[in-house]
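Now for the letters of each chain:
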Amino acid sequence: METENTKNARVFKAFCDEKRLAILELLRSGEKCACVLIEQMDIGQSSLSYHMKILCESGIVESRQEGKWTYYRLSESGSRHAEELLVKITTPSVEQQPDQCCI
């Protein structure tokens, strides 16, 4: 069974590579065909597939098939989830207890 931390790690893994960050930057201007991303990124198809799998599994990017082509776009809900997750894990808990040392 997948833990919440495993799901959350998938989101942050998407941001931990400069090629994936470059892909996200390209997708900011709208949906792109895989062939366009390959050309603009100057990478091979297998490399793009690897990075897109990670981005899609994170929920930050969505894909759709049209014939033999795959088109990618930023996911509004995935982006919102990533933003909320970052705020959640970096905000101190209200119920925070002071560390208790064992003596």
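Our subject is the structure that appears above.
Residues numbered from 1 in each chain as written. Predicted model: local features only at pLDDT ≥ 70, side-chain atom pairs only at ≥ 80, totals over all residues. Heavy atoms only, no water.

> Explanation requested: the overall build of the protein in the structure shown.
Summing up its helical and strand segments, the protein has five helices and three strands in all. Along its sequence from the N terminus, the protein presents helices and strands in the succession α-α-β-α-α-β-β-α. Rg of the C-alpha trace for the protein: 18 Å, well past the compact-globule value of 13 Å for 103 residues, more than 25% over. Oriented by its inertia axes, the alpha-carbon framework of the protein measures out at about 65 × 30 × 25 Å. Here the protein holds 103 residues, and 27% of them are scored as buried. In the protein, the share of contacts with a sequence separation of at least 24, taken over all contacts with a separation of at least 6, comes to 53%. Surface exposure of the protein reaches about 7600 Å², of which carbon and sulfur atoms provide 52%. Looking at the protein, you have 13 positive and 16 negative side-chain charges, and the mean spots of the two groups are 5 Å apart. (Helix = DSSP H or I, 4+ residues; strand = E, 2+ residues; numbered from the N terminus. Rg over C-alpha atoms; globule rule 2.2 N^0.38 Å. Buried < 20%, exposed > 50% of the residue type's maximum accessible area, 1.4 Å probe, protein only. Contact = heavy atoms within 4.5 Å. Areas by Shrake-Rupley, 256 points an atom, 1.4 Å probe, with all protein chains shown as cover. Lys, Arg positive; Asp, Glu negative; His and termini not counted. Charge placed at Lys NZ, Arg CZ, Asp CG, Glu CD.)

> Would you explain the pairing of strand β2 (residues 61-66) in this entry?
Looking down a regular strand, the side chains alternate between one sheet face and the other. Note that β2 and strand β3 (residues 69-74) share six bridges and pair antiparallel. Bridge pairing in β3 places Arg 64 opposite Tyr 71. What sits between the antiparallel neighbours β2 and β3 is a turn of two residues, in which Gly 67 has the positive phi angle 65°. (Pairing = 2+ DSSP bridges.)

> Whenever I open this one, the packing of aromatic side chains confuses me. Can you help?
For any pair of aromatic rings, the description rests on two quantities: the centre-to-centre distance and the angle between the ring planes. Counting across every chain of the model gives zero aromatic pairs. The positively charged end of Arg 64 is found above the aromatic ring belonging to Tyr 71, 4.6 Å away from the centroid. (Phe/Tyr/Trp six-rings, centres within 6.5 Å; stacked < 30°, edge-to-face > 60°. Lys NZ or Arg CZ within 6 Å of the ring centre and 35° of its normal.)

> What should I look at first to understand the packing of helix α1 (residues 4-14) against helix α5 (residues 76-90) in this one?
Contact geometry of α1 with α5 gives a least axis separation of 11 Å together with a crossing angle of 115°. The handedness of the crossing between α1 and α5 comes out as left-handed. The segment α1 lies against α5, with Glu 4, Asn 8, Val 11 and Phe 12 engaging His 81, Ala 82, Leu 85, Leu 86, Lys 88 and Ile 89. Among the residues forming the contact of α1 with α5, the class breakdown is six nonpolar, two polar and two charged. (Axes fitted to C-alpha atoms, helices over the stretch in contact; angles between N-to-C directions. Left-handed = near helix turned anticlockwise from the far one by under 90°. Nonpolar A, V, L, I, M, F, W, Y, C, P; charged D, E, K, R; others polar.)

> Would you explain the sheet that holds β2 in this entry?
Backbone-to-backbone hydrogen bonds join strands into a sheet, with any given pair of strands oriented parallel or antiparallel. Reading across the sheet, the three strands line up as β1-β3-β2 and stay open at both edges, with antiparallel pairing between neighbours. Looking along the sheet, the strands with just one partner apiece sit at the ends: β1 (32-33) and β2.

> Mind showing me how you'd approach the pattern of salt bridges here?
A side chain of one charge can pair with a side chain of the opposite charge when the charged atoms of the two come close. Scanning all chains against the criterion turns up eight salt bridges. Its salt-bridge partner being Glu 31, residue Arg 73 comes within 3.4 Å of it at the nearest N-O pair. Placement of Arg 73 in strand β3 and of Glu 31 in the loop between α2 (18-27) and β1 is noted, with a sequence separation of 42 residues between them. A residue is classified by how much of its surface remains accessible, and Glu 31, at 35% relative accessible area, is partly exposed. Residues joined by salt bridges that share partners form a network here, namely Glu 31, Glu 62, Arg 64, Glu 66 and Arg 73. (Salt bridge = Lys/Arg side-chain N within 4 Å of Asp/Glu carboxyl O.)

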